[in-house]
Amino acid sequence: MKTITTLDTLFLSAPDVAGIVRRKGVKACLIGIADNIHADFLRWESFDKSARVAAHSSVGVIELMPIADDQTFAFKYVNGHPNNTRFALPTVMAFGVLADVATGVPRLLSELTLSTALRTAAMSALGARTLARKSSRCMALIGNGAQSEFQALAFQHLVGIRELRLFDTDLAATAKLVHNLRSSGLAIRVCSNTAEAVRGADIVTTVTADKRNAVIISPEMIEPGMHVNGVGGDCPGKTELHADVLRGASVFVEYEPQTRIEGEIQQLPADFPVTELWQVLAGNRAGRTGDAQVTVFDSVGFALEDYAVLRFMRDAALELGVGQRLELIPELADPKDLFASLAEQPQRGTHDRSRVDLEVRTQGSPRVAAAKAVGAERDTTPA
Ligand SMILES: NC(=O)c1ccc[n+]([C@@H]2O[C@H](COP(=O)([O-])OP(=O)(O)OC[C@H]3O[C@@H](n4cnc5c(N)ncnc54)[C@H](O)[C@@H]3O)[C@@H](O)[C@H]2O)c1
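Residues numbered from 1 in each chain as written. Predicted model: local features only at pLDDT ≥ 70, side-chain atom pairs only at ≥ 80, totals over all residues.

**Q** Looking at this structure, I do not really get the nonpolar core. What am I missing?
**A** Burial of nonpolar side chains together is a common tendency in soluble globular proteins. Formed by 88 residues in total, the largest nonpolar core has its most connected members in Ile-33 and Ala-122. The element contributing the most residues to this core is helix H10 (residues 303–320), with eleven residues. Taken domain by domain, this core gets at least three of its residues from each of domain 1 (9–114 + 305–374) and domain 2 (132–301). Excluding its chain neighbours within four sequence positions, the residues that come into contact with Ile-33 are Leu-118, Arg-119, Ala-122, Ala-308, Val-309 and Phe-312. (Core = buried A, V, L, I, M, F, W, Y, C linked by C-beta atoms within 7 Å. Buried ≥ 20, exposed ≤ 12 C-beta atoms within 10 Å, placed from the backbone. Helix = DSSP H or I, 4+ residues; strand = E, 2+ residues; numbered from the N terminus. Domains from an automatic or database assignment. Contact = placed C-beta atoms within 7 Å.)

**Q** Would you take a moment to explain the confidence of the model for the protein chain for this structure?
**A** The predicted structure's coordinates, where accompanied by low pLDDT, should not be read in detail. Per-residue confidence for the protein chain gives a mean pLDDT of 91; residues scoring 70 or more make up 89%. Contacts of residues 349–383 to residues separated by more than four positions or lying in other chains number 64 contacts, the stretch itself having pLDDT below 50. (pLDDT = per-residue confidence, 0-100.)

**Q** Whenever I open this one, the site of the ligand confuses me. Can you help?
**A** The environment of the ligand is made up of 31 residues, and the closest members are Thr-91, Gly-145, Ala-146, Ala-173 and Gly-301. When residues of the shell around the ligand are traced back to their parent elements, those giving at least two are helix H3 (113–131) and strand E11 (213–217). When grouped by side-chain class, the residues that make up the shell around the ligand number twelve nonpolar, 15 polar and four charged. Per-domain counts for the shell around the ligand show at least three residues from each of domain 1 (9–114 + 305–374) and domain 2 (132–301). (Near = placed C-beta within 6 Å. Nonpolar A, V, L, I, M, F, W, Y, C, P; charged D, E, K, R; others polar.)

**Q** It is not clear to me how the sheet that holds strand E6 (residues 106–111) should be interpreted in this structure. Could you clarify?
**A** Within a beta sheet, neighbouring strands are joined by backbone hydrogen bonds and run either parallel or antiparallel to one another. The mixed open sheet is built from seven strands, whose spatial order is E2-E3-E4-E5-E6-E1-E17. Each having just a single partner strand, strand E2 (53–56) and strand E17 (324–326) make up the two edges of the open sheet. Sheet twist, expressed as the mean angle between neighbouring strand axes with direction ignored, is 15°. Both E2 and strand E3 (residues 61–68) contribute to a ladder of four bridges, which runs antiparallel. Bridge assignment links Val-53 to a residue of E3, and that residue is Leu-64. In the packing of H3 onto the sheet, the strands contacted are strand E4 (72–80), strand E5 (94–100) and E6, and the crossing angle to E6 comes to about 85°. (Pairing = 2+ DSSP bridges. Axes fitted to C-alpha atoms, helices over the stretch in contact; angles between N-to-C directions.)

**Q** Help me understand the sheet that holds strand E16 (residues 295–298), please; the structure alone is not making it clear to me.
**A** What the eight strands build is an open sheet, ordered E9-E8-E7-E10-E12-E16-E14-E15; its pairing is parallel. Bordering the open sheet on either side are strand E9 (187–190) and strand E15 (275–276), each of which pairs with just one other strand. In this structure, strand E12 (residues 227–230) lies alongside E16, joined through four bridges in parallel fashion. Residue pairing in the sheet places Asn-229 in a bridge with Phe-297 of E16. Its contacts with the sheet place helix H4 (residues 148–159) against strand E7 (138–142), strand E8 (163–167) and strand E10 (203–206), and it is angled at close to 170° to E7.

**Q** In this structure, what is going on with the pairing of E3? I would like to understand it.
**A** Consecutive residues of a regular strand have side chains that alternate between opposite faces of the sheet. The side-chain alternation of E3 yields one buried face, formed by Val-61, Glu-63, Met-65 and Ile-67, and one unburied face, formed by Ile-62, Leu-64, Pro-66 and Ala-68. Counted along the chain from E2 to the antiparallel partner E3, the turn is four residues long. Taken together, the eight bridges between E3 and E4 define a ladder with antiparallel strand orientation. Across the sheet, residue Val-61 finds its bridge partner in E4, namely Gly-80. Joining the antiparallel neighbours E3 and E4 is a turn of three residues.

**Q** Hey, could you run me through the environment of Leu-166 in this one?
**A** Inspection of the secondary structure puts Leu-166 in strand E8. For the pair Leu-166 and Val-198, spaced 32 residues apart in sequence, the C-alpha separation works out to 9.0 Å. When neighbours within four sequence positions are excluded, Leu-166 is seen to be in contact with Leu-141, Asn-144, Thr-174, Leu-177, Ile-188, Val-190, Cys-191 and Ala-197.

**Q** Honestly, the packing of helix H2 (residues 26–42) against H10 in this entry has me stumped. Any pointers?
**A** Relative placement of two packed helices is described by the angle separating their axes and the distance separating the axes. Two numbers describe how H2 lies on H10: the axes approach to 9 Å, and their chain directions differ by 130°. Of the possible angle classes, the one that applies to H2 and H10 is oblique. Classified by chirality, the crossing of H10 by H2 is right-handed. Contact residues: H2 offers Gly-32, Ile-33, Asn-36, Ile-37, Asp-40 and Phe-41, while H10 offers Leu-304, Glu-305, Tyr-307, Ala-308, Val-309, Arg-311 and Phe-312. A per-class count over the contact of H2 with H10 returns eight nonpolar, two polar and three charged. (Parallel < 35°, antiparallel > 145°, perpendicular 65-115°, else oblique. Left-handed = near helix turned anticlockwise from the far one by under 90°.)

Set out below in structure tokens:
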């Protein structure tokens, strides 16, 4: 007898993931995802890393973001099209996969649009928790679009922010953000320009979308001790901070080879000193060394954060029994006879499918829940 691991893939749709977040709560999700990112960043050396592959056009970018350790491969498909909102489409849309390194079988296919907003916010807050002054309570939030609620809530729950100063060139976006945060407990002030929002803030988050070298934050806006969380500059030719803001600060990045291409530091020479955040988390390098120091987290979004959020959503789906079994790969009696799959198949449920094993590393009740969610469990077939 030999055990056959089936080809079943767990599919998490956008409504599935929204349902998971509703049931667990945004706060618990942000904390759980930040914990996963932290844990994975501490395993930095275990991952096969590369800068993402990007297809640029005059209106946007489409990117693939792969990463793997010795057990699990992950990738994300993501776009960035700042004009999309004019056509009632999101600027950023994404989906992703977890696959077994041992066999290449795709185990999870999940939405990553909502998940990206959650993981980006969790990453930003993890960066600020590590780099900002511990006394930080007030944040300026420039750019009040799709990512902004998640940024606000992550900084509230993970960093201790109590007051927000908002600015967006689109008044309707700010009104939407104020409405969505109405029961958050955050004190909110709507400002009439970026300088007003930034004045006196402990932390400045920029999360604007514009496909150009914009100057959202200029040097005269910076005050001693500020932490700048630059999220929107994440592509060649797409930045938010004046280069002198970077020159006057200690700059921290996710994965240096990718940030050199895509981050704010693309404006500076290749030898401009930066520190990868994982080095600070691991205690290898210093983060903030004084209250007057200006720190910048030059965020572009790294594949390891998507690996971390995919793990989180997979585990939550297994725990809650959410998701559907997807027949993504043909199941063959003879793996060399792909041609046989062209023959008409019996209806689903009448043919012999082998063991449902969506999550080989998850133990106990979650796995049982997953098995229930996607079908019965069988094993073994004659050798
Ligand atoms: N670093 C990361 O990991 C990461 C992850 C996701 C998104 N992003 C980036 O974050 C940005 C925001 O994404 P989103 O999904 O919220 O986009 P969005 O289009 O929903 O919102 C962007 C907002 O920025 C505002 N804006 C544009 N120019 C501005 C300016 N000069 N001053 C003030 N506001 C301005 C727009 O009016 C809009 O409301 C995008 O550039 C995206 O590529 C980065």
